Amino acid sequence: MRVQSNGTIRHILCVFPRYTSSFGTFEHAYPLTAGVKAFMPPQGLLLIAAYLPKDWPVRFVDENIRPASKEDFEWAEAVFVSGMHIQRQQMNDICRRAHEFDLPVALGGPSVSACPDYYPAFDYLHVGELGDATNQLIETLSRDVSRPPRQVVLTTGDRVPMTEFPIPAYELVEIKKYLLGSVQYSSGCPYQCEFCDIPGLYGRNPRIKTPQQIIAELDRQRECGMTDTIYFVDDNFIGNRKAAMDLLPHLVEWQKRTGYVVRLACEATLNIAKRPEILEKMREAFFVTVFCGIETPDPDALHAMHKDHNMMVPILEGVRTINSYGIEVVSGIIMGLDTDGPNTAEALIDFAEESRIPLLTINLLQALPKTPLWDRLEREGRLVHDESRDSNVEFLLPYEDVVASWKRCMEIAYAPAKVFARCEYQCTHTYRNRVKVPVPEEMKTWAHAKRALIMLRNIFWKVGVLGDYKRVFWKFALGRIRQGDLEGLIGCTMIAHHLITFTRAASRGHQNASNYSIRLREASVPAE
């Protein structure tokens, strides 16, 4: 589905802001790859680009790959921007640069939808999802692309059904420069975890696309060159369990048709461990990773944050169950909860050791607008409006103690020997449970072999020769080589290297202690 043109042609420049360095952007892994420059293609802007009138030329720039240039702004008649809270300063910086060319700038996405007051400089604010506000914006620009005398706020009241969404404009991005592909099946989540803004932004009744739409999107990404992992960015892949079960057979057939070239990953609640019928189909569809928001191993804390569904099965048992289907678990962990005590850090360190989860995104609690947590802390007078801090929460424990505990957890959990020990466990206990597939013909080409050799060269040189944890690395690498597991060697080392490097910077205070922190830094773009 596209908006129909009224005959007027407009040149639209879509600019996605650079991320502030964080635990989950994996930028330290990029130098080990064969040309990766960014994490995932942004779904929102690419969806808008595909929704615009067919005869409107669209140019897309991801500033995680390169900055928007003078030529880009001179080409454009209007600029579209989207992003999350962590990209706030970078979004404002794009607006400033566009205004130097007297271009009108429209901002949409989750951050402005939650906090329009963060963005007073933008000409148009698009609050909410794709819908009537989008149509109003396009109609306005088709009539006049001069900057309005005052800010215009457009709020979606009537959303476009997801079954009518166009295929995001993947053809506009350099897809081979992304670590992962991305696809969205649903929007919304039925749960109301206290700290999460998804129900407030997108609702509790998940809306879904059809399986046919998803297959068409996967095919389009393959046509554009994606040959690695594609991540379902749904906030909860099993938010609508029936829909997930309807989709999975289509994914299995697609994998068989395309030769299992692509691996799949998703986010889901931990109670997926209670659904063997879903896990078995995910295994058949070659899902290799699931991100679970475990948040904490403390039952009292889970109850307090309204995440009782994490206790439907003992947490360690749930992780083992998911692993038994060949699916690696990645987890979110939160520190700074009201239920935390002096021994919380030790408990989290023990949990990392016992769970064998390689990647736990350990964050300080951050209160996001449009969440029950924000409302409660506002009532209690515990919101801290100081953007120099890593958290906007007045913890019950002293702030400095919580930050010190976070650093201690990071330093111990991501010591090189600990990281590679957890990776080794996954290689020997989880990956062996994956569906056995033949090597696809396109993986037998010289181009694929060359790409693998480049990554091995980079890893052996940058980690095995120049790295300062080379003894730990070579112990792991030689074990993988003896097993003939070059894929495990490459994949695990890239992620481990990022985690180790990021953690060392964090321990020196050079990184935010939360992926959601709005502690502002200078906007930065890659060097030309």
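Residues numbered from 1 in each chain as written. Predicted model: local features only at pLDDT ≥ 70, side-chain atom pairs only at ≥ 80, totals over all residues. Heavy atoms only, no water.

Peer 1: Now, about the overall build of the protein chain: what can you tell me, with residues and values included?
Peer 2: Each helix and strand in the protein chain was counted, giving 18 helices and 14 strands. For a compact globule of 528 residues, the expected C-alpha radius of gyration is about 24 Å, and the protein chain comes in at 23 Å, within 12% of that figure. Principal-axis analysis of the C-alpha atoms places the extent of the protein chain at approximately 65 × 60 × 50 Å. Per-residue burial for the protein chain yields a buried fraction of 58% across its 528 residues. For the protein chain, the proportion of contacts with a sequence separation of at least 24, taken over those separated by at least 6, is 79%. For the protein chain, the computed accessible surface area is about 22000 Å², with 53% contributed by carbon and sulfur atoms. Across the protein chain, 60 positive and 65 negative side-chain charges occur, with their mean positions spaced 6 Å apart. (Helix = DSSP H or I, 4+ residues; strand = E, 2+ residues; numbered from the N terminus. Rg over C-alpha atoms; globule rule 2.2 N^0.38 Å. Buried < 20%, exposed > 50% of the residue type's maximum accessible area, 1.4 Å probe, protein only. Contact = heavy atoms within 4.5 Å. Areas by Shrake-Rupley, 256 points an atom, 1.4 Å probe, with all protein chains shown as cover. Lys, Arg positive; Asp, Glu negative; His and termini not counted. Charge placed at Lys NZ, Arg CZ, Asp CG, Glu CD.)

Peer 1: I'd like a description of the pairing of strand S2 (residues 58-62), backed by residues and values.
Peer 2: Burial analysis of S2 places four of its five residues in the buried class, the great majority of the element. Sheet analysis places strand S1 (residues 12-16) next to S2, joined by five bridges and oriented parallel. Bridge pairing links cysteine 14 to phenylalanine 60 in S2. For the segment spanning S1, helix H1 (residues 43-51) and S2, crossover handedness is right-handed. (Pairing = 2+ DSSP bridges. Right-handed = clockwise from strand over helix to strand, strands pointing away.)

Peer 1: Explain the side chain of threonine 289 to me, using residue names and the numbers behind them.
Peer 2: Mapped onto the secondary structure, threonine 289 falls in strand S12 (residues 287-295). Each residue touching threonine 289, except ones within four places of it in the same chain, is listed here: Leu264, Ala265, Cys266, Ile327, Glu328 and Val330.

Peer 1: Could you give an account of the pattern of salt bridges, with specific residues and numbers?
Peer 2: Tallying each qualifying case throughout the model produces 35 salt bridges. Salt-bridge contacts for aspartate 72 lead to arginine 66; the nearest nitrogen and oxygen are separated by 2.9 Å. Residues participating in the shared-partner salt-bridge network are Glu63, Asp93, Arg96, Arg97 and Glu100. (Salt bridge = Lys/Arg side-chain N within 4 Å of Asp/Glu carboxyl O.)

Peer 1: Give a description of the nonpolar core that names residues and reports values.
Peer 2: Residues Phe80, Phe232, Phe237, Leu251, Phe287, Ile322 and Tyr414 are the most contacted members of the largest nonpolar core, which totals 145 residues. Per-element accounting of this core gives the leading share, nine residues, to helix H18 (residues 486-507). The residues contacting tyrosine 414, other than those within four sequence positions of it, are Phe23, Pro358, Leu359, Leu360, Thr361, Ile362, Cys409, Val419, Arg422, Leu499, Ile500 and Thr503. (Core = buried A, V, L, I, M, F, W, Y, C linked by side-chain atoms within 4.5 Å.)

Peer 1: Go over the packing of helix H15 (residues 416-430) against helix H17 (residues 470-482), please, and point to the residues and values.
Peer 2: Across the interface, H15 lies against H17 with an axial gap of 9 Å and an inter-helix angle of 10°. Viewed along their axes, H15 and H17 adopt a mutual orientation that is roughly parallel. Only Val472, Phe473, Phe476 and Arg480 of H17 make contact with H15, whose side of the interface consists of Pro416, Ala417, Phe420, Cys423, Glu424, Cys427 and Thr428. Partitioning the contact of H15 with H17 into residue classes produces eight nonpolar, one polar and two charged. (Axes fitted to C-alpha atoms, helices over the stretch in contact; angles between N-to-C directions. Parallel < 35°, antiparallel > 145°, perpendicular 65-115°, else oblique. Nonpolar A, V, L, I, M, F, W, Y, C, P; charged D, E, K, R; others polar.)

Peer 1: Help me get a handle on the packing of helix H12 (residues 344-355) against helix H14 (residues 399-413), residues and values and all.
Peer 2: Relative orientation of the contacting elements H12 and H14 amounts to 20°, with a least axis distance of 9 Å. Relative to H14, the element H12 lies roughly parallel. The hand of the H12/H14 crossing is right-handed. Where H12 abuts H14, its residues Ala345, Glu346, Leu348, Ile349 and Ala352 lie against Ser405, Arg408, Cys409, Ile412 and Ala413. For the contact of H12 with H14, the per-class residue count stands at seven nonpolar, one polar and two charged. (Left-handed = near helix turned anticlockwise from the far one by under 90°.)

Peer 1: Give me the lowdown on helix H5 (residues 132-143), citing residues and values where you can.
Peer 2: Helical geometry: 3.6 residues make up each α-helical turn, so side chains three or four residues apart lie on a common side. When the terminal C-alpha atoms of H5 are compared, their 17 Å separation across twelve residues agrees well with the 16 Å that a helix rising 1.5 Å per residue should span. Inspection of H5 places Ala133, Thr134, Leu137, Ile138, Leu141 and Ser142 among the buried residues, and these make up the whole buried set. (Expected span 1.5 Å × (residues − 1).)

Peer 1: Let's hear about the environment of valine 233: which residues, and what values?
Peer 2: Within the fold, valine 233 resides in the loop between strand S10 (229-232) and helix H8 (241-258). Through-space distance from the C-alpha of valine 233 to that of valine 403 is 29 Å; in sequence the pair is 170 residues apart. Valine 233 has contacts with Met40, Gln43, Ser182, Val183 and Gln184, leaving out every residue within four places of it along the chain.

Peer 1: Before we move on, can you summarise the sheet that holds strand S6 (residues 152-155) with the specific residues and values?
Peer 2: Strands sit in the order S2-S1-S3-S4-S5-S6 across an open sheet of six strands; the sheet is parallel. The open sheet has two edge strands with one neighbour each: S2 and S6. On average, each strand axis in the sheet is inclined to that of its neighbour by 20°, with strand direction left out of account. Inspection of the sheet shows strand S5 (residues 124-127) paired to S6 by four bridges, in the parallel sense. For valine 127, the partnering residue across the bridge sits in S6 and is threonine 155.

Peer 1: Outline the sheet that holds strand S7 (residues 181-183), listing residues and values.
Peer 2: Ordered by their spatial adjacency, six strands build an open sheet running S7-S10-S11-S12-S13-S14, and the pairing between neighbours is parallel. Pairing within the sheet leaves two strands with one partner each, and these edge strands are S7 and strand S14 (360-364). For this sheet the average axis-to-axis angle between neighbouring strands, irrespective of direction, equals 20°. Strands strand S13 (328-335) and S14 of the sheet are contacted by H14, whose axis makes an angle of about 170° with S14.

Peer 1: For the packing of aromatic side chains, give the residues involved together with the corresponding values.
Peer 2: Summed over the entire model, instances satisfying the criterion amount to 16 aromatic pairs. Centre to centre, the rings of phenylalanine 420 and phenylalanine 476 are 5.1 Å apart; their planes meet at 50°, and the pair counts as tilted. With phenylalanine 420 in helix H15 and phenylalanine 476 in helix H17, this pair connects stretches of sequence that are 56 residues apart. One residue, arginine 59, lies across the ring of tryptophan 75, its end atom 4.4 Å from the ring centre. (Phe/Tyr/Trp six-rings, centres within 6.5 Å; stacked < 30°, edge-to-face > 60°. Lys NZ or Arg CZ within 6 Å of the ring centre and 35° of its normal.)

Function cannot be read off these values alone, since they describe shape.
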